[in-house]
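Survey of secondary and tertiary structure
If you want the building blocks of each chain, they are given just below.
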2 protein chains.
Amino acid sequence: MMISSTALTLSNLRPTPSPTTASLPESNSKPSSSSTSEPSSPPKPQARRFKPSPQLNRWSRARAIRSGHKLDRLIQQPSVEMNSSNSSQLVNNGYDGSELHLLSPSNESGSNGDDSTDLMAGKSIYMVSDGTGWTAEHSVNAALGQFDYCLVDRVCPVNTHLFSGIDDVERLMEIIKQAAKEGAMVVYTLADQSIAETARQACELWGVTSTDILGPITEAIASHLGVSPSGLPRWAPGRKNSLNEEYFRRIEAIEFTIKQDDGALPENLHKADIVLAGVSRTGKTPLSIYLSQKGYKVANVPIVKNIGLPRSLFEIDPEKVFALTINPVVLQTIRRARAKTLGFDDDIRSNYSEMDYVKEELEFASKTFQQNPIWPVIEVTGKAIEETAAVVLRLYHDRKNRCSMPRISKRY
Amino acid sequence: MMISSTALTLSNLRPTPSPTTASLPESNSKPSSSSTSEPSSPPKPQARRFKPSPQLNRWSRARAIRSGHKLDRLIQQPSVEMNSSNSSQLVNNGYDGSELHLLSPSNESGSNGDDSTDLMAGKSIYMVSDGTGWTAEHSVNAALGQFDYCLVDRVCPVNTHLFSGIDDVERLMEIIKQAAKEGAMVVYTLADQSIAETARQACELWGVTSTDILGPITEAIASHLGVSPSGLPRWAPGRKNSLNEEYFRRIEAIEFTIKQDDGALPENLHKADIVLAGVSRTGKTPLSIYLSQKGYKVANVPIVKNIGLPRSLFEIDPEKVFALTINPVVLQTIRRARAKTLGFDDDIRSNYSEMDYVKEELEFASKTFQQNPIWPVIEVTGKAIEETAAVVLRLYHDRKNRCSMPRISKRY
């Protein structure tokens, strides 16, 4: 299961602008020009020792500590399906703590995971985090959005590699050395400032382009609040996470949203924060789920030609309702693909996806929307789920706030 | 519906370390010392003109353009519930393009939305984006994790305000001036480098602490790839988003996961990428949904004492199955809260949440896990959903890759 982007985008049939000439921009980052094929010895980590041990065991132990002691069992009993030559190779692969350990491409491509397919063809970005790494992943993904024009069709392929839970200097150095060998760049989120500084120095020494993702914003916030950052990785043991009320609220929102999917339980529409209405394949379900993860209770109601809408939809506060619309040509394309996936036979497929029906259904939806003018009608064609969500929430909060400067506000 | 954090954390009963003395750290950010109460006139925007117009109409038009023409209707017909004094005030509020327009606190607290409650008590962080703003939100949330120790119990309250879809200098300047008035800091993600530079200069001029979230990493990636960033906001009209295959895959994963929630359709377990097993209230549903949004098909199977597990759970590839376990005291607390929410009567509640039953059920689960030693057992106590997801995916990809350096890789 390999997903190229965290953005869910509805088919975009708009014409593509020709990319401007690709040229190296003036850059504020200062990649050192030192050789990347033979990095020099690692910089001395600050008061953290290198403890040599077989590599697999080391990773495994770290994972076991993070994941609870019962994980040990997993490690003692590798799956019978495990490639034995590969695993013994790893177990026997001693690590002396000073040499750069090579992960040969064959090591990776020999696995049967989707991950490894073609991962060596392209520029690599290593994301290193002492936590989950989701912030690094999110930021890199957003930044890569600036290079769409050369990433599509793999003209200029990029592979990202996420190393999460990296909380000691030894493993950090291993990863940076590997990045140097591979010619990868490194982006990191490391809460401990001295470890972050060690990472920066090591990257500079070994000629690895690097970026500290969280450091600058953490420093700015510290200055703004007039307090120091804790220096502890997020969700580190002992960190106070008294978010119980929010936890329950978000769980409730997610569970509510699942139960209300696809027009289920129309008698509960009044309990929703947001109700989405639109014809099939306008992205109601993924949009609902995305919004629910942000803590909103969402219900979605499908509009199907010749099938009445639930009466409760017209009885609830109309300010909660958001109508989705889509270009008919794009909708037909999406429905054709869907019908194929579901293995519909031709009769059903033609009804569901053919142009006359698609247009009639959209007209039926459009009439419904006209009869309910308070519902905003949001065009989803070519929009990612994340973007439609932003539009919905902007309107939702504007309506709640009635303030002149639209914003989505939160308390911490 | 106001959620204080994007982290879903299971009740953490661990003792809290006493926070170290809060002191202003040495900061690399250089907030100007100029007065924030009377900002000087805005810096000259580069080749972008200020077009004065009534504020509400301006925002509305911008939204209408972004959201499709039908939105105009919404604007022409404001809800009958709209606070009329407030709205007329906004409509009549002419804007001459040079004065700092004051959003008075009463303007905000006068609304009936949850958003406005107490939002003026605390330090503000403005997040400004030409796109959805989710990257800024995600990064700020992660950085705020470094200040948990003073954010909990609102000792040092922080309010964030997200301004998304800000794609012209006029609105950008309005927001920065408002930030100056409010003593807020500004973090921004602006794809157009000249607009980003204008933001930086305006913040410096008006003494607003500011951080460019995406600029540094975008520059580093540009240098690494040897190509220029497009300078277009993500998902801007005309941007090529040929992510159709991924779009369908992620939609499919989300829809599959919803259908498989809570033990439904056990005959489909073999189709899942990941199967989660655990007793009620170990966070299986939100974890499944979180993973599905990353593109994995997830099924979750509840373990209930004296009720058999589906046979298919033992027939599928055991490497897909992840067992969840939790501290019994925490579980009881969560279940009590849940029983209260659901309005269970005392009989059912005692069965579901009382300690003896909780312990017996966890022991039953534990025995099942022992009989299936390949399933990793993940301790979820005190872990956020995001963190458990990181553990699951680390193991999932390790098993797929069989490589010595655990990583989660993607192609772009």
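Just so it is clear, the model here is predicted, and its values are computed rather than measured.

A tally of helices and strands in chain A yields 16 helices and 9 strands. When each of the 412 residues of chain A is scored for burial, the buried share is 59%. Considering only residue pairs separated by 6 or more positions, chain A has 76% of its internal contacts joining residues 24 or more positions apart. Just so you have it, chain A exposes about 16200 Å², and 51% of that area is on carbon and sulfur atoms.

Residues and elements named next belong to chain A. Tallying each qualifying case throughout the model produces 26 salt bridges over all chains. The salt bridge partner of Lys-305 is Glu-360, with a shortest N-O separation of 2.5 Å. Highlighted residues: Lys-305 in the loop between strand E6 (298-303) and helix H12 (312-315) and Glu-360 in helix H15 (residues 355-371), separated in sequence by 55 residues. Residues participating in the shared-partner salt-bridge network are Asp-167, Asp-168 and Arg-171.

Bringing the confidence of the model for chain A into the picture now. Residues and elements named next belong to chain A. Of the residues in chain A, 66% have a pLDDT of 70 or more, and the chain-wide mean is 75. Across residues 1-6 the pLDDT falls below 50, and counting only partners more than four positions away or on other chains, this stretch makes 30 contacts in the model. This model gives residues 12-117 a pLDDT under 50, and the stretch forms 193 contacts once residues within four places in sequence are excluded.

All names here are of chain B. Here Thr-325 shows up in strand E7 (residues 321-325). Note on Thr-325: relative accessible area 13%, which makes it buried. Leaving out residues up to four positions away in the same chain, Thr-325 has contacts with Leu-362, Val-377, Ile-378, Glu-379, Val-380 and Thr-381.

Another point: the sheet that holds strand E8 (residues 377-379) of chain A. All names here are of chain A. Across the sheet, 4 strands lie side by side as E6-E5-E7-E8; this open sheet has parallel pairing. A single partner strand is all that each edge strand has here, and the edge strands are E6 and E8. Pairs of neighbouring strands in the sheet enclose a mean axial angle of 30°, with direction left out of account.

Our focus in this paragraph is unusual backbone geometry. Of note in this structure, Arg281(B) is not a glycine but carries a positive phi near 70°. With respect to the helices and strands, the residue Arg281(B) is situated in the loop between strand E5 (274-279) and helix H11 (284-293).

Working definition: an aromatic ring pair is given by the centre-to-centre distance plus the angle between the planes. Applying the stated rule across the entire model yields 10 aromatic pairs over all chains. Seen in terms of ring centroids, Tyr126(A) and Phe163(A) are 4.9 Å apart; in terms of plane orientation they differ by 45°. Their pairing is tilted. Placement of the pair is Tyr126(A) in strand E1 (residues 123-129) and Phe163(A) in strand E2 (residues 158-163), with a sequence separation of 37 residues. Pairwise contacts between aromatic rings join Phe314(A), Phe369(A) and Trp375(A) into one cluster. In this structure, Lys297(A) packs its charged tip against the face of Phe256(A), placed 5.6 Å from the ring centre. Looking at Arg399(B), its charged tip hangs above the ring of Phe322(B), at a distance of 5.9 Å from the centre.

Note that an α-helix has 3.6 residues per turn; residues three or four places apart therefore point the same way. Residues and elements named next belong to chain B. Counted at 1.5 Å a residue, the expected span for helix H7 (residues 169-182) with its 14 residues is 20 Å, and the 20 Å between its end C-alpha atoms agrees. Most of H7 sits out of view: 12 of its 14 residues are buried. Of the positions making up H7, those classed as buried are Val-169, Glu-170, Arg-171, Leu-172, Met-173, Glu-174, Ile-175, Ile-176, Lys-177, Gln-178, Ala-179 and Ala-180.

The next thing to look at is the state of the cysteines. Residue and element names in this part refer to chain A. Under the criterion given, the structure shown has 0 disulfides over all chains. Here Cys-156 stays free of any disulfide, with the sulfur of Cys-150 as its closest cysteine sulfur at 4.0 Å. For Cys-156, a relative accessible area of 14% translates into the label buried.

This part covers the packing of helix H5 (residues 134-144) of chain A against helix H9 (residues 215-225) of chain B. One can describe the packing of H5(A) onto H9(B) by two numbers: an axis separation of 9 Å at closest approach and a directional angle of 65°. By crossing handedness, the relation of H5(A) to H9(B) is classed as right-handed. Note on element contacts: H9(B) touches H5(A) through Ile217(B), Thr218(B) and Ile221(B), opposite Ser139(A), Val140(A), Ala143(A) and Leu144(A). A per-class count over the contact of H5(A) with H9(B) returns 5 nonpolar, 2 polar and no charged.

Rules and cut-offs
- Residues numbered from 1 in each chain as written.
- Chains lettered and ligands numbered in written order.
- Predicted model: local features only at pLDDT ≥ 70, side-chain atom pairs only at ≥ 80, totals over all residues.
- Heavy atoms only, no water.
- Helix = DSSP H or I, 4+ residues; strand = E, 2+ residues; numbered from the N terminus.
- Buried < 20%, exposed > 50% of the residue type's maximum accessible area, 1.4 Å probe, protein only.
- Contact = heavy atoms within 4.5 Å.
- Areas by Shrake-Rupley, 256 points an atom, 1.4 Å probe, with all protein chains shown as cover.
- Salt bridge = Lys/Arg side-chain N within 4 Å of Asp/Glu carboxyl O.
- pLDDT = per-residue confidence, 0-100.
- Pairing = 2+ DSSP bridges.
- Axes fitted to C-alpha atoms, helices over the stretch in contact; angles between N-to-C directions.
- Phe/Tyr/Trp six-rings, centres within 6.5 Å; stacked < 30°, edge-to-face > 60°.
- Lys NZ or Arg CZ within 6 Å of the ring centre and 35° of its normal.
- Expected span 1.5 Å × (residues − 1).
- Disulfide = S-S within 2.5 Å.
- Left-handed = near helix turned anticlockwise from the far one by under 90°.
- Nonpolar A, V, L, I, M, F, W, Y, C, P; charged D, E, K, R; others polar.

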